[in-house]
Amino acid sequence: MSTVLVTGGLGYIGSHIVIELGLAGMDVVILDNLANSAIDVFYRLKSMARKDIEFYQGDVRDSKILNVVLSEQSVSSVIHCAGLKAVGESSLKPVEYYQNNVAGSLVLIDAMREAGIQNLVFSSSATVYGIDAPVPYVETLPTGGTSNPYGTSKWMVEQILKDAANAAPKLSIASLRYFNPIGAHPSGLIGEDPQGIPNNLLPYIAQVAVGKRAELSVFGDDYPTADGTCERDYLHVVDLARGHVKALDWVKNNTGAEAFNLGTGKATSVLEIIQAFEEASGVKIPYSIAPRRPGDLPAFWADATKAEKLLGWNAELGLEEMMADTWRWQSQNPNGYRSNAKEAQPDSSVA
Ligand code: WQD
């Protein structure tokens, strides 16, 4: 009875979590609607995993499919990663973001309650600290004051989970506040595959490196930081995934709702990232300075002491691994999960 349900388990972060759960000896069932993921991820995960992995295609807002999954599989814990995550898009489609992220979480908690499942790890974000929080971000700070519907949706779900745990004393919930996850699995088989033009820094750099984009725009060099570019707390996605395994242990042995920062505690600037990527890949990244991107904060990083003390987790992989693994993934899969051969052929569906 140690099956873990991972919602969004074929996504960038979810897929890395599935690998680490398998390594920790757990059976995994994935629920994913393939909205921002590919079925090929499942086949790759199956080929890599030593444990059994099941997959159900479906949406977390669909209580029927959730009930089927929970009744067919002996799920004892849930890691909830399913959701929409593009910050800019969330301001254009706020209702979709609240539908997917907030309503989806409500349907999930309800289904868990019906099935008598008490353990939940929730994929939250450092954006819940809002735009005025002092750095480093620590869990004792007030949250809220977020600047976009994506961040607000994560904040809302955290509040809902807290209330749910207060009302049901057996519930145990860990909300994991991610800083900036980057990198890929060291096998080169699993990584980040954004659709269209990447919003985030590392996928963009990686696509410049393989020649898919001409140059990187560095959004602003007049911030009050050491080199004028924004600073973030980048952490390796494999470290992040391992944090979920630790959090799962925690929820199994505790009750109540707690939030944990998952970050390295170190801030790195955009220019430092470019340099580190160039060193790891041996590829020069052409860039130019562009205006600031609206909504960007100058610098933030984690105080990750709580995760270290209570979960026994800290980030072990450094910038070098983050860059080398990003490069390995991108250079081995220049078209992501879409087959390279297929992309090279003319589109036969065009009449
Ligand atoms: C990092 C830095 C940009 C692209 C967001 C979300 C967060 C989480 C991760 C989750 C910034 C600069 C970027 C580019 C650039 N989301 N940049 N040129 O904004 O810190 O965090 O993604 O799913 O919740 O807020 O990450 O990677 O977009 O940007 O100069 O082409 O890189 O200005 O300083 P961000 P990012």
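Bear in mind the structure is a predicted one, so any value in this text is a computation, not a measurement.

Thresholds applied
- Residues numbered from 1 in each chain as written.
- Predicted model: local features only at pLDDT ≥ 70, side-chain atom pairs only at ≥ 80, totals over all residues.
- Heavy atoms only, no water.
- Helix = DSSP H or I, 4+ residues; strand = E, 2+ residues; numbered from the N terminus.
- Expected span 1.5 Å × (residues − 1).
- Buried < 20%, exposed > 50% of the residue type's maximum accessible area, 1.4 Å probe, protein only.
- Contact = heavy atoms within 4.5 Å.
- Near = heavy atom within 4 Å.
- Polar contact = N/O pair within 3.5 Å; in protein donor to acceptor, adjacent residues only side chain to side chain.
- Areas by Shrake-Rupley, 256 points an atom, 1.4 Å probe, with all protein chains shown as cover.
- Domains from an automatic or database assignment.
- Core = buried A, V, L, I, M, F, W, Y, C linked by side-chain atoms within 4.5 Å.
- Pairing = 2+ DSSP bridges.
- Axes fitted to C-alpha atoms, helices over the stretch in contact; angles between N-to-C directions.
- Phe/Tyr/Trp six-rings, centres within 6.5 Å; stacked < 30°, edge-to-face > 60°.
- Lys NZ or Arg CZ within 6 Å of the ring centre and 35° of its normal.

So, about helix α11 (residues 319-332). With 14 residues, α11 extends 20 Å from end C-alpha to end C-alpha; this agrees with the ideal 20 Å at 1.5 Å per step. Taken residue by residue, α11 has Met322, Met323, Asp325, Thr326, Trp327, Trp329 and Gln330 as its buried positions. Turning to α11, the residues buried within the fold contact α2 (39-48), β7 (180-182), α7 (201-209), β10 (234-236) and α9 (270-281).

Taken together, 19 residues are adjacent to the ligand, and Leu201, Ser217, Arg232, Arg293 and Asp296 come closest. The separation between an oxygen atom of the ligand and a polar side-chain atom of serine 125 is 3.3 Å. Within the side chain of asparagine 200, an N or O atom sits 3.0 Å from an oxygen atom of the ligand. For the ligand, whose unbound accessible area comes to 690 Å², protein coverage reaches 89%. Counting the residues that make up the shell around the ligand, at least three belong to each of domain 1 (3-182 + 234-262) and domain 2 (201-233 + 267-300 + 318-349).

Our next topic: the nonpolar core. Core analysis: the biggest nonpolar cluster contains 52 residues, and Leu21, Ile30, Leu45, Ile79 and Tyr137 have the highest contact counts within it. In terms of residue count, helix α8 (residues 237-253) provides more of this core than any other element does, 9 residues in total. Here this core spans two domains, and each of domain 1 (3-182 + 234-262) and domain 2 (201-233 + 267-300 + 318-349) adds at least three residues to it. Ignoring any residue separated from it by four or fewer positions in sequence, one finds isoleucine 79 in contact with Val4, Leu5, Val6, Thr7, Ile17, Leu21, Val121, His244 and Leu248. By size, the runner-up hydrophobic cluster in this structure holds 26 residues, among which are Val29, Leu31, Leu66 and Val75.

Another point: the sheet that holds strand β2 (residues 28-32). A sheet is described by the order of its strands in space; here 7 strands give the open sequence β3-β2-β1-β4-β5-β6-β11, paired in parallel fashion. Edge positions in the sheet fall to β3 (53-57) and β11 (256-262), since each of these pairs with one other strand and no more. Neighbour to neighbour, the strand axes of the sheet diverge by 20 degrees on average, direction disregarded. Two elements, β2 and β3, share 5 bridges in a ladder whose sense is parallel.

Here we take up the packing of aromatic side chains. Counted by the stated rule, this structure contains 9 aromatic pairs. An angle of 40 degrees between the planes, with centres 5.4 Å apart, marks the rings of phenylalanine 42 and phenylalanine 55 as tilted. Of the two residues, phenylalanine 42 is situated in helix α2 and phenylalanine 55 in strand β3; the sequence distance between them amounts to 13 residues. The exposure class of phenylalanine 42 is buried, given its relative accessible area of 10%. Centroid distance tyrosine 137 to phenylalanine 300: 5.2 Å. Interplanar angle 5 degrees. Geometry classified as stacked. Taken as a pair, tyrosine 137 in the loop between β5 (119-125) and α6 (149-167) and phenylalanine 300 in the loop between β13 (287-290) and α10 (305-311) lie far apart in primary sequence, 163 residues in all. Here tyrosine 137 matches phenylalanine 300 in class, with each residue buried. Put simply, the rings of Tyr129, Tyr137, Phe179 and Phe300 touch in pairs and so form one group of aromatic residues. Residue placement shows arginine 292 over the ring face of tyrosine 223; its charged tip is 4.0 Å from the ring centre.

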